[in-house]
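Each chain, letter by letter, is given below.
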Amino acid sequence: MAAPPGRPRGHYLADEAGRLAGVSATTIGQWARRGYIRSSHSSGPPRIYCFQDVAEAMVVHELIARGVGLRSIKAAADRLRTQRVTNWPLQQSRLLVPAAGERSPRRRARTIVVEQDDGHTDLVSGHPVLAGLDLETLVADLARGGWAAREIPSLRHIEVDPDRLSGRPVIRGKRVPAELAARMAETPQGVDLLMHDYGLTRDEVEDARRWWHAVVRYEQVAA
């Protein structure tokens, strides 16, 4: 589950935020500069993001993947920030988008962001729409490893807690960074060291490796 409204929690540079949100550091920076997400800890270089900012980035990534235009996302985020008086409106709202094959009166399917509030209301054009998008589940995936947890549903041993190691992904229930475990696992005797010196199980090591192999690909991918 995403961090509740309140103070920013966790500290992430753009590359760390991108690995969790499933996009490159360059994309994260562009989204922050254009106002789709915030960099709550620092608005100047280097931008520093919080856990809630990363959750917003995951929502933006999912909306883009569903065909929602960036201008519509920006318009909805701006309106929600005013309505909700919050810096992180996307993860705290029940959003909808038209499903494939459905049409809004003025726009093609899947090109608008909408909110469910006393009915289904298009935040951009004001027209009613259909079909739900479960963003609560999407944001909860951040705590299981971010976008990689969506791509690898079988991940069980990765945890992202904004109050542990500044929010760095770790082996669940332990203070062992997932990146460290993955990198060590690629070295000779690394798995044995992780099991005997760090107390990890083979399954935990394998999850760290699978998670790391997924997230390093995002550094070259723009959403």
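Given the structure is predicted, the values throughout are model-derived calculations rather than measurements.

Draft legend 1. Molecular detail of the overall build of the protein chain. The number of helices and strands found in the protein chain is 9 helices and 5 strands. Across the protein chain, helices and strands are ordered from the amino to the carboxyl terminus as α-α-α-α-β-β-β-α-α-β-β-α-α-α. Out of the 223 residues in the protein chain, the part that is buried amounts to 48%. For the protein chain, the proportion of contacts with a sequence separation of at least 24, taken over those separated by at least 6, is 60%.

Draft legend 2. Region of interest: unusual backbone geometry. Of note, the amide linkage connecting P45 to P46 takes the cis form, showing an omega dihedral of -10°. Take P46: it is sitting in the loop between helix 2 (25–34) and helix 3 (51–65).

Draft legend 3. Local environment of the pattern of salt bridges. Per the stated rule, a full pass over the model turns up 17 salt bridges. Residue E62 pairs with R150 through a salt bridge whose shortest N-O separation is 3.3 Å. Pair noted here: E62 is in helix 3 and R150 is in helix 6 (residues 147–151), with a separation of 88 residues, a long-range link. Through salt bridges that share partners, R19, E179, R183 and E219 make up one connected network.

Draft legend 4. Seen up close, the environment of A32. By the secondary structure assignment, A32 is in helix 2. In this structure A32 comes out as buried when scored by relative accessible area, which is 8%. Residues A32 and D53 lie 21 residues apart in sequence; the distance between their C-alpha atoms is 9.2 Å. In contact with A32, other than residues within four places in its own chain, are I37, R47 and Y49.

Draft legend 5. Examining the packing of aromatic side chains more closely. All chains considered together, the criterion is met by 1 aromatic pair. A cation over a ring is seen here: R150 above W147, with NZ or CZ 5.3 Å from the ring centre.

Draft legend 6. Seen up close, the side chain of Q52. Tracing the backbone shows Q52 in helix 3. Within the local environment of Q52, its side chain forms a polar contact with the backbone oxygen of R7, the two atoms lying 3.0 Å apart.

Draft legend 7. Looking closely at helix 2. Within helix 2, the full set of buried residues consists of T27, I28, G29, W31 and A32. G35 sits one or two positions beyond helix 2 and adopts a positive phi of about 90°.

Draft legend 8. Local environment of the packing of helix 1 (residues 14–21) against helix 3. At a minimum axis distance of 9 Å, the contact between helix 1 and helix 3 shows a crossing angle of 50°. Between helix 1 and helix 3, the angle falls in the class oblique. Helix 3 is crossed by helix 1, and the crossing has right-handed handedness. Across the interface between the two elements, A17, L20 and A21 of helix 1 pack against V54, A57, M58 and H61 of helix 3.

Conventions adopted
- Residues numbered from 1 in each chain as written.
- Predicted model: local features only at pLDDT ≥ 70, side-chain atom pairs only at ≥ 80, totals over all residues.
- Heavy atoms only, no water.
- Helix = DSSP H or I, 4+ residues; strand = E, 2+ residues; numbered from the N terminus.
- Buried < 20%, exposed > 50% of the residue type's maximum accessible area, 1.4 Å probe, protein only.
- Contact = heavy atoms within 4.5 Å.
- Salt bridge = Lys/Arg side-chain N within 4 Å of Asp/Glu carboxyl O.
- Phe/Tyr/Trp six-rings, centres within 6.5 Å; stacked < 30°, edge-to-face > 60°.
- Lys NZ or Arg CZ within 6 Å of the ring centre and 35° of its normal.
- Polar contact = N/O pair within 3.5 Å; in protein donor to acceptor, adjacent residues only side chain to side chain.
- Axes fitted to C-alpha atoms, helices over the stretch in contact; angles between N-to-C directions.
- Parallel < 35°, antiparallel > 145°, perpendicular 65-115°, else oblique.
- Left-handed = near helix turned anticlockwise from the far one by under 90°.

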